[in-house]
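# Close look at the chain arrangement
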Amino acid sequence: RNTGNLKRYMERLFLFAAVAQVPYMWVLSYQLNVMFTLLLGLAAIHLTSRAKSKAAAFLIVTAFTMISLFCDWAIIGIPMILIYYYTENQKKCVIYPIVVAGLLIGLFPVWSVISGDMDKLPELFFYFIGCILTIPLLMKYSGARGFPLRYFFYIYYPAHLIVLGAIRGIVFN
């Protein structure tokens, strides 16, 4: 809503997502990092806001949610981003994600049984906890713009992953 140039914002997100991918893979996983999830969420917002029908919007949300299975926050990321974007009421903005996260997490055991991949089940608990931990932050948010730290978080994300990777290397090697 507040960006002056959506294309440049998406390019910047992609650039920093790509830069952060190497430290992310070194420390955590071979899936795509959360900045890719945010990029997909931004693209989904852009496309759904221009969709000609609810059916088209539903297909866009479904497609981006399925693509996000290869990203951090998996199937939960895109619906959460869209809920935060489209929900005006602050209290509902807190309640809806918890309900959606619970429903999506409820689908994972079914998917795990069908696919035979039971290793993801413990991870689901952490997704749900992550959703719940956003509640205090969202309740405190007034809608006002914060201190201008435009590039701080873009740099902080890969930098903290490098520090965590170094700590892991020192502790476990």
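An account of the accompanying structure is given in this report.

## Some words on the packing of aromatic side chains
This structure, assessed with the given rule, holds seven aromatic pairs. Judged by centre distance (6.2 Å) and plane angle (45°), the ring pair of Phe16 and Tyr151 falls under tilted. Here Tyr151 lies in the loop between helix 6 (121–140) and helix 7 (152–172) and Phe16 lies in helix 1 (residues 6–27), a separation of 135 residues in the sequence. With a centroid separation of 4.9 Å and 90° between ring planes, the pair formed by Tyr85 and Tyr86 is classed as edge-to-face.

## Details of the side chain of Gln21
Note that Gln21 resides in helix 1. When its relative accessible area of 9% is taken as the criterion, Gln21 is described as buried. Not counting residues within four places of it along the chain, the set of residues in contact with Gln21 comprises Tyr30, Gln31, Leu32, Asn33 and Phe36.

## Some words on the nonpolar core
Formed by 23 residues in total, the largest nonpolar core has its most connected members in Leu13, Met35, Phe64, Ile78 and Tyr157. For this core, the secondary-structure elements that each account for two or more residues are helix 1, helix 2 (34–49), helix 3 (54–67), helix 4 (74–86) and helix 7. Considering every element that reaches this core, the biggest residue donor is helix 2, with eight residues. Residues within four places of Met35 in sequence aside, it is in contact with Leu13, Phe16, Ala17, Ala20, Tyr154 and Tyr157. Judged by nonpolar contacts, the second largest core, of six residues, contains Ala74, Ile75, Met80 and Cys131.

Each value, and the rule that gives it
Numbering of residues begins from 1 in every chain and follows the order in which that chain's sequence is written. The predicted origin of the model limits local features to residues at a pLDDT of at least 70 and limits the giving and counting of side-chain atom pairs to 80 or more, whereas totals for whole chains, interfaces and linings rest on all residues. Hydrogens and water are ignored here; the side-chain numbers use all heavy atoms of the structure. Each pair of aromatic rings taken from Phe, Tyr and Trp, with Trp reduced to its six-membered ring, is defined by centres within 6.5 Å and is described as stacked if the planes are under 30 degrees apart, edge-to-face if over 60, and tilted in the remaining cases. Helix numbering and strand numbering both begin at the N terminus, where a helix is a DSSP run of H or I of at least 4 residues and a strand a DSSP run of E of at least 2. Under the scheme applied here, a residue whose accessible area is under 20% of the maximum for its type counts as buried, over 50% as exposed, and between as partly exposed, the area being computed with a 1.4 Å probe on protein chains only. Any two residues whose heavy atoms approach within 4.5 Å at even a single point are treated as in contact. In this text, buried Ala, Val, Leu, Ile, Met, Phe, Trp, Tyr and Cys residues form a nonpolar core when linked through side-chain atoms within 4.5 Å.

In short, geometric facts, not functional conclusions.
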